[in-house]
Amino acid sequence: MPTYWSIASASFRQYSTYRMATAAGVFTNTIFGFIRASILFAAITTAGGELSGYTIAQAATYVWLGQALLAPIEAFGTREVSQRVHQGEVAVDLLRPASFLGLYYAQKLGRSAFLLLGRGIPPLVIGALVTGLALPEDPLSYLLGAFSLLAAITLAFLADMMVNLAAFWLIETRGLTVVYTAVMNLLSGFLIPILWFPDWLLGIARATPFPSMIQTPIDTLSGRITPLEALPLLGVQAGWVLVLAVAAHLMLRLGVRSMEVQGG
Amino acid sequence: MNTPQQITPDQHAPEPSEPLEPALELSGLRRDYVVRAPVPGSRRRRRQVVRAVDDISLSIRPGEAVGFVGANGAGKSTTIKMMTGILTPTGGSLRVLGREPVAERKQLAREIGVVFGQRSQLWWDLPLRDSYTILGAMHRLTDRQRDARLERLVDGLDLGAFLGRPVRQLSLGQRMRGEVAAALLHSPQLVVLDEPTIGLDMVSKEGLRRFLREDRAERGTTLFLTTHDMNDVERLCDRIVVVNSGTVAYDGPLDSFRAHLGAPRELVVDLAEPAAALSLPGSAETAAVEADGIRHRIRFSGAELTVPALLSAIGAQVEVRDLSLTEPAIEDLVREIYGRSGLA
Ligand SMILES: Nc1ncnc2c1ncn2[C@@H]1O[C@H](COP(=O)(O)OP(=O)(O)O)[C@@H](O)[C@H]1O
Ligand SMILES: [Mg+2]
């Protein structure tokens, strides 16, 4: 445990030194938040003040929570592990007396904790001041929301890790990352709420772990669903964590076995 | 020393008659790489098998220091990757500290210290000190154990001046000393170094060698090292294994290796005044006299004769204007070995 704690806190500290990147991230997150909010507001106003259960205030909350989660979830994917596999640096990771996935997960949690505070909270605050937010009535929503958020970050980590681990077999994983993030951004309910999807797409989305990465924590945290409604969704998240953890673990095992470490 | 040495029970108190289990045991080790080479004039790629390690057998006793040398592409790194459990052998078997490396990779990582000279195990963006905090936690050292050991390492490897600097800002020599400290933090019984001195200047190399000798003398560790610098082997090892094209070309004590090869170092002196043959101490001999007696090429064995001793002998006879010293390239030594055993 101390190992993972020391990695997570080091990762937190490391990201906290990137001040310019943080400021730039907050700025773009906020701008895009306003753009997305105005598009959704227009759609809701055209639909007569409510669209598939979303009022203006709920849509604003949905947008700002989404913008806040973007950075900690790393919705645009990471490339570190695939690059380390391609350059053979993964050998160093495997020579550590600790779990490979555990080390990267600890690093991700430390990083996400900083990204949530440094890059997630400011747009949320700005949004609250400018457009207002619909906050949950039940304090339990915050507690469940926190769990849901942790599960979402874990799921995003595992899925992204699997994309990266494909580097054991593929010479180039950039294309895979692009496809993955496009699908993830849509089916997770980041671009528009999944309830606005046509039925067939909603069906597809619900059969994947993607809504568990963004839609579920947003719905739980915003109080758009009650804690009682949130519980089964948290169960779904937990189920997906288990499935993806096992899958990532198997992928790593197979990958290491077939690995041909590059370079001296 | 109060350091946490992990000694397996049977090595802790060996029966006088019972031979020690080897620290490293390789038998008939093989590794093939499958490469897809482009076929000229065709879009297809042909499957080709490269045998990087071809039937290597070695047994290394605890406490031995072995230099594993050979030309580029001889299969040294591939062997080390199999020894550390990150690469599966194609054939043969190996045991490292009594363990099966691939199956017991993580346990083994607690007992060995590894440096890949061309990779870093330090955390790039963090101050060097933080890497040791993390590694100490990984190796389950108490804070006291870690601090005591780190003090020794900082002292011996002279890390004090840059412990607080991010790793990415360190010079190559500083970083490499940091890497060695990282590999030795948990006081491993087996230290495996793959080209630890690559790219370092003379001073950094010498500092690193001095500490590796000291640490080994203090703790009696087994050392397995690859290098391109014969001086590393001369200063650190008592046994040398030469690999060529994935097979062992020579394996024996360093002394016999020197005897086997004769006089591998060459000193070139340019004299102020031309001179005929100089009288030289020991086994040193004039290999050639060039430029009408100005330039003398003198071959000698680094083991029997130091450069200063040789220079003062020459200086007593003539005035030296310029000099250079060439170390034998590993490639040349390997060629010599092959030449002498009639395999070339
Ligand atoms: N990942 C790899 N894929 C294909 N061939 C490789 C790979 N790694 C090494 N080789 C080949 O195996 C041989 C031995 O390489 P290596 O063990 O790195 O040699 P050394 O460390 O002695 O320089 C070389 O011919 C090298 O090209
Ligand atoms: Mg090598």
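By the naming in an unreviewed UniProt entry, chain B is ATP-binding cassette domain-containing protein, taken from Brachybacterium tyrofermentans. Looking at chain B in UniProt, the text filed under Subcellular location (unreviewed entry) is "Cell membrane".

Take the overall build of chain B next. Secondary structure summary: chain B contains 11 helices and 13 strands in total. Residues counted as buried form 52% of the 344 residues belonging to chain B. In the form shown here, chain B has an accessible surface area of approximately 15600 Å², with 48% of it arising from carbon and sulfur atoms.

So, on to the sheet that holds strand 4 (residues 91-96) of chain B. Residues and elements named next belong to chain B. Overall, antiparallel pairing links the 3 strands, which are arranged 2-1-4 in an open sheet. Pairing within the sheet leaves two strands with one partner each, and these edge strands are strand 2 (45-60) and strand 4. Pairwise comparison of adjacent strand axes, ignoring direction, gives a mean angle of 30 degrees for this sheet. Summarising the sheet, strand 1 (residues 24-38) and strand 4 pair through 5 bridges and their orientation is antiparallel.

Quick look at the site of ligand 1 now. With respect to spatial proximity, 14 residues lie near ligand 1, and among them B:Gly73, B:Gly75, B:Lys76, B:Ser77 and B:Thr78 are the closest. What surrounds ligand 1 is not a single chain but chains A and B. Residue B:Gly75 places a main-chain N or O atom 3.0 Å away from an oxygen atom belonging to ligand 1. At 2.8 Å from an oxygen atom of ligand 1 is found a main-chain nitrogen or oxygen belonging to B:Lys76. Burial of ligand 1 by the surrounding chains reaches 76%, relative to a free accessible area of 560 Å². Ranked by the residues each element gives to the shell around ligand 1, the list is headed by helix 2 (residues 76-83) of chain B, at 3 residues. Its residues assigned to classes, the shell around ligand 1 shows 6 nonpolar, 6 polar and 2 charged.

About the thresholds
- Residues numbered from 1 in each chain as written.
- Chains lettered and ligands numbered in written order.
- Predicted model: local features only at pLDDT ≥ 70, side-chain atom pairs only at ≥ 80, totals over all residues.
- Heavy atoms only, no water.
- UniProt positions renumbered as here; feature names shortened; annotations may be inferred.
- Helix = DSSP H or I, 4+ residues; strand = E, 2+ residues; numbered from the N terminus.
- Buried < 20%, exposed > 50% of the residue type's maximum accessible area, 1.4 Å probe, protein only.
- Areas by Shrake-Rupley, 256 points an atom, 1.4 Å probe, with all protein chains shown as cover.
- Pairing = 2+ DSSP bridges.
- Axes fitted to C-alpha atoms, helices over the stretch in contact; angles between N-to-C directions.
- Near = heavy atom within 4 Å.
- Polar contact = N/O pair within 3.5 Å; in protein donor to acceptor, adjacent residues only side chain to side chain.
- Nonpolar A, V, L, I, M, F, W, Y, C, P; charged D, E, K, R; others polar.

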